[in-house]
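So the chains spell out like this:
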Amino acid sequence: MKISSHLKNSLSKTLTYYYPFAGQTKDGVSIDCNDHGAIFIETQVVVGEMSKLLQKRDNNLFKQLVPLKGNMQEIPTTYNDANLIVQVNYFGCGGIAISICFNHIIVDGTTSAYFVKSWAEVARGANDIKNVVVDCSSIYPPYDAYASMRSLYEQNHYHYNPTEIVGKYFIFDGGKIAALRKKIGSGSYLDHPTRFEAIAALISGALIRNADKEAHEFTVKQLAAVISINMRSIVNPPLPPQCLGNLVTTAIAKLPIDEKIDYNYLAAEVHKSVKNVVDQYKTNTHVSGLVKELANSTVIHFSDISRMPYYEADFGWGKPTLLSLVSLNHKVACLMPTSDGVGVEAIITLPKEEMAKFEQDPEFLFFAKPFMSKMARL
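Here the structure is a predicted model, which means the values were calculated and not measured.

Q: Just checking my understanding: could you explain the sheet that holds strand β5 (residues 96-102) for this structure?
A: Hydrogen bonds along the backbone pair up the strands of a sheet, which may run parallel or antiparallel. In space, the 3 strands of this open sheet follow the order β3-β4-β5, with mixed pairing throughout. Taken across any chain shown, the strands that pair with only one partner, and hence form the sheet edges, are β3 (39-44) and β5. Between one strand axis and the next, the sheet turns by 15° as a mean value, whatever way the strands run. Relative to strand β4 (residues 84-90), β3 is paired through 6 bridges, and the arrangement is parallel. Across the sheet, I41 pairs through a bridge with Q87, a residue of β4.

Structure below.
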């Protein structure tokens, strides 16, 4: 198949720039830059036409398009040392869904976005990919961020069965984001919140309002908003966006669970927590040193990739119609770009009981709309 050869050849060339992706993981924390190669899988889709996938954003359908299920115990033996696994799914209508699984030891949201963009550029005929920086170990010592985050959840009694986690998509259009920022910025704690700060405050407020304060082995007193921070832009001198690695640190905003919710205060706490880490990034050691601060907390992990160039990835037949994340098996709010580049699409994963309350929260729904297919909206 012509498309198959085109994707394989362009991927092979792209890996000459991102060569650690073609290597293997050893000891669970280090990378052997050998010629083991990435894993490339092709499959014919049996879950229905692509229109069904676009009209109903169902994580159960999406999971059938990826080679891994997101649970470390479910990784096939032949895959468990691979740094990159690509699965190309061909639909009967001629549509294509490309699923990519990265090793989180060397890949964060920024790296994944620029890798996909670079692969698409090579597929369109680019002969050189510039500014790819592979080794940042002199700036950032090796650090297992995934293990640290796993430790955070284990030490705070959050053992969720993946079947009990529900993922829902919510759309914030540009007008609603502007209105939300204006509303939240009208208080005395913070002027002009960023769109991330405003959306994080709104989501946190809805979680606080619907929190079950006696849901765990302890009395829940606060919501801990764990926020991933891209370090590339805050080092001096800054690193290029194409710098390969899992170059993130983590801030924690400790938000009290009160009867009265002040969104301006919540946004200010998010702002302050990020600023503190940015100001002290040279000595901050990620989340591992902060676990003790999360006693009596319920935890939500925020990640913002809404500025990443995923929708610029044109392989030669047009830009993507849909971007999705799958297999998020704990409490996460991930902000992604909309295809028009103006709004934000949030995928939020929560236990079923919490999601049932959250998705009905009227203050949240005033600014965010649950995803509905175009067919359903007509």
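Q: What's the story with the sheet that holds strand β10 (residues 332-337) in this structure? I'm lost.
A: Read across the sheet, 7 strands follow the order β8-β7-β9-β10-β11-β6-β12 without closing on themselves; strand pairing throughout is mixed. Each of the sheet's edge strands pairs with one partner strand only, and the pair in question is β8 (248-256) and β12 (369-370). Pairing geometry for β10 and strand β11 (residues 344-351), over 6 bridges, is antiparallel. For A333, the partnering residue across the bridge sits in β11 and is I348.

Q: I'm lost on the pattern of salt bridges in this one. Help?
A: Pairs may arise between side chains of opposite charge once their charged atoms sit close together. On inspection of all chains with the given rule, the structure shows 9 salt bridges. Of the charged contacts in the structure, one is a salt bridge between K8 and E42, with a shortest N-O distance of 3.7 Å. Of the two residues, K8 sits in helix α1 (residues 2-14) while E42 sits in strand β3, which places them 34 residues apart along the sequence. The exposure class of K8 is partly exposed, given its relative accessible area of 39%. Beyond isolated ion pairs, a larger network of salt bridges with shared partners links R209, D361 and E363.

Q: Where do I start with the pairing of β4 in this structure?
A: It is a general feature of regular strands that their side chains alternate between the two faces of the sheet. A large share of β4 lies buried, amounting to 7 of its 7 residues. Burial along β4 is two-sided: the face carrying L84, V86, V88 and Y90 and the face carrying I85, Q87 and N89 are both buried. Hairpin remark: β4 followed by β5, antiparallel, with 5 residues in the connecting loop; positive phi at G94, about 100°.

Q: Is there a simple way to explain the side chain of K331 in this structure?
A: Take K331: it is sitting in the loop between β9 (297-304) and β10. At 2.7 Å, the side chain of K331 and the side chain of T298 are in polar contact. A polar side-chain atom of K331 sits 3.0 Å from a polar atom in the side chain of E354.

Q: When you look at the nonpolar core in this model, what are you seeing that I'm missing?
A: Across soluble globular proteins, nonpolar side chains show a tendency to be buried alongside one another. Counting 45 residues, the largest nonpolar core has F172, I199, I203, F302, I348, F358 and F364 as its most contacted members. Considering each element in turn, this core owes the most residues, 10 residues, to helix α7 (residues 195-209). For F358, the contacting residues outside a window of four places in its chain are F170, I203, A206, L207, N210, I348, L350 and F364. Formed by 26 residues, the second largest nonpolar core is a distinct cluster that contains L15, V88, V116 and I129.

Q: Which parts of the structure should I look at to understand the packing of α1 against helix α4 (residues 109-123)?
A: Relative orientation of the contacting elements α1 and α4 amounts to 120°, with a least axis distance of 9 Å. Considered as vectors, α1 and α4 are oriented oblique to each other. When you trace α1 past α4, the crossing you get is right-handed. Facing H6, L7, S10, L11, K13 and T14 of α1, the residues of α4 in contact are F115, S118, W119, V122 and A123. Broken down by class, the residue content of the contact of α1 with α4 amounts to 6 nonpolar, 4 polar and 1 charged.

Q: Would you take a moment to explain the packing of α7 against helix α8 (residues 263-279) for this structure?
A: Axis angle and axis distance: for two packed helices, these are the angle between their axes and the distance between the axes, and together they describe the pair. One way to put it is that α7 packs onto α8 with a least axis distance of 8 Å and a crossing angle of 120°. Accordingly, the angle class assigned to the pair α7 and α8 is oblique. Crossing of α7 against α8: the hand is right-handed. Between α7 and α8, the residues in contact are F196, E197, A200, A201, L202, S204, G205, I208 and R209 and Y263, L266, A267, V270 and H271, respectively. Among the residues making up the contact of α7 with α8, the classes are represented as 9 nonpolar, 3 polar and 2 charged.

Q: Which parts of the structure should I look at to understand the packing of aromatic side chains?
A: Describing an aromatic ring pair means giving the distance of the ring centres and the angle of the ring planes. Counted under the stated rule, the structure contains 15 aromatic pairs. Through a chain of ring-to-ring contacts, three or more aromatic side chains come together here, namely Y18, F21, F102, F115, W119, F315 and W317. One Lys or Arg, K176, reaches over the ring of F366 and ends 4.2 Å from the middle of that ring.

Q: Can you walk me through the confidence of the model for the protein chain in this structure?
A: When pLDDT drops low, the exact placement of atoms in the prediction is not to be read closely. Across the protein chain, the average pLDDT comes to 79, with 75% of residues at 70 or higher. Below pLDDT 50 for its whole length, residues 70-77 participates in 9 contacts with residues either more than four positions away or in separate chains. Here residues 373-378 is a poorly scored stretch, pLDDT under 50, and it has 3 contacts once near neighbours within four places are set aside; other chains count.

Q: Before we go on, may I ask you to explain the environment of S324 in this structure?
A: As for its placement among the helices and strands, S324 is situated in the loop between β9 and β10. If we ignore the near neighbours within four places in the chain, the residues touching S324 are F62 and Y169. Among the polar contacts listed, one links the side chain of S324 to the side chain of Y169, at a separation of 2.5 Å.

Q: Explain α7 to me, please; I cannot follow it from the model alone.
A: Helical geometry: 3.6 residues make up each α-helical turn, so side chains three or four residues apart lie on a common side. With 15 residues, α7 extends 21 Å between its outermost C-alpha atoms, agreeing within 8% with the 21 Å of an ideal straight helix rising 1.5 Å per residue. Burial of α7 is extensive: 14 of the 15 residues sit out of reach of the surface.

Q: Sorry, what's going on with unusual backbone geometry here?
A: Excluding glycine, a negative phi dihedral is what most residues carry, and trans is how most peptide bonds are arranged. The residue H192 is not glycine, and still its phi comes out positive at about 50°. With respect to the element layout, H192 can be found in the loop between α6 (174-184) and α7. Given a relative accessible area of 70%, H192 falls into the exposed group.

Reading the values: rules and limits
Residues numbered from 1 in each chain as written. Predicted model: local features only at pLDDT ≥ 70, side-chain atom pairs only at ≥ 80, totals over all residues. Heavy atoms only, no water. Pairing = 2+ DSSP bridges. Helix = DSSP H or I, 4+ residues; strand = E, 2+ residues; numbered from the N terminus. Axes fitted to C-alpha atoms, helices over the stretch in contact; angles between N-to-C directions. Salt bridge = Lys/Arg side-chain N within 4 Å of Asp/Glu carboxyl O. Buried < 20%, exposed > 50% of the residue type's maximum accessible area, 1.4 Å probe, protein only. Polar contact = N/O pair within 3.5 Å; in protein donor to acceptor, adjacent residues only side chain to side chain. Core = buried A, V, L, I, M, F, W, Y, C linked by side-chain atoms within 4.5 Å. Contact = heavy atoms within 4.5 Å. Parallel < 35°, antiparallel > 145°, perpendicular 65-115°, else oblique. Left-handed = near helix turned anticlockwise from the far one by under 90°. Nonpolar A, V, L, I, M, F, W, Y, C, P; charged D, E, K, R; others polar. Phe/Tyr/Trp six-rings, centres within 6.5 Å; stacked < 30°, edge-to-face > 60°. Lys NZ or Arg CZ within 6 Å of the ring centre and 35° of its normal. pLDDT = per-residue confidence, 0-100. Expected span 1.5 Å × (residues − 1).

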